[in-house]
Amino acid sequence: MSVSSMAAAAAASQQNQIAQAMQVAMLRAGHEQEKAVIDMLAEAAQASAKSTPPTGLGSRLDITA
């Protein structure tokens, strides 16, 4: 194997490693974004479950009408 082919193989290997590292970083960033959205929705759901309904909206249904 010549020096130039070894250098080319090393460069290709390094490029593959960089590409794989970038893919992993993008997947992690996407996962963190999805987790943040889920956490935000869960907090909003918990807050609305704990809050009292607005005035005029009771917790019972009037079916006499």
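You'll find the structure just up there.
Once a new chain begins, its residue numbering starts again from 1 and follows that chain's sequence as written. pLDDT decides what is reported in this predicted model: residues at 70 or higher carry local features, side-chain atom pairs at 80 or more are listed and counted, and totals for whole chains, interfaces and linings draw on all residues regardless. Side-chain numbers come from the whole structure's heavy atoms, not from hydrogens or water.

Turning next to the overall build of the protein chain. The helix and strand tally for the protein chain stands at one helix and zero strands. Here's how the labels work: a residue is buried when its accessible area is under 20% of the maximum for its type, exposed when over 50%, partly exposed in between, all with a 1.4 Å probe on protein chains only. By residue count, 0% of the 65 residues in the protein chain fall in the buried class. Note on areas: Shrake-Rupley with a 1.4 Å probe; residue coverage comes only from the protein chains shown. Working note: accessible area of the protein chain is about 6,200 Å², and carbon and sulfur atoms make up 62% of it. Secondary structure is summarised from DSSP: a helix means a run of H or I of at least four residues, a strand means a run of E of at least two, and numbering begins at the N terminus for each.

Exposure above 30% relative accessible area and the lack of any salt bridge qualify a residue for a patch; like charges then connect within 9 Å, and the nonpolar side chains Val, Leu, Ile, Met, Phe, Trp and Tyr within 5 Å. We define a salt bridge as a side-chain nitrogen of Lys or Arg found within 4 Å of a carboxyl oxygen belonging to Asp or Glu. A grouping of Val37, Met40 and Leu41 is seen on the molecular surface, where their side chains present a nonpolar patch of about 300 Å² in accessible area. Inspection of the secondary structure puts Leu41 in helix α1 (residues 3–50). Relative accessible area serves as the criterion here: at 54%, Leu41 is assigned to the exposed category.

Everything listed here is a matter of coordinates, which is why it stays silent on function.
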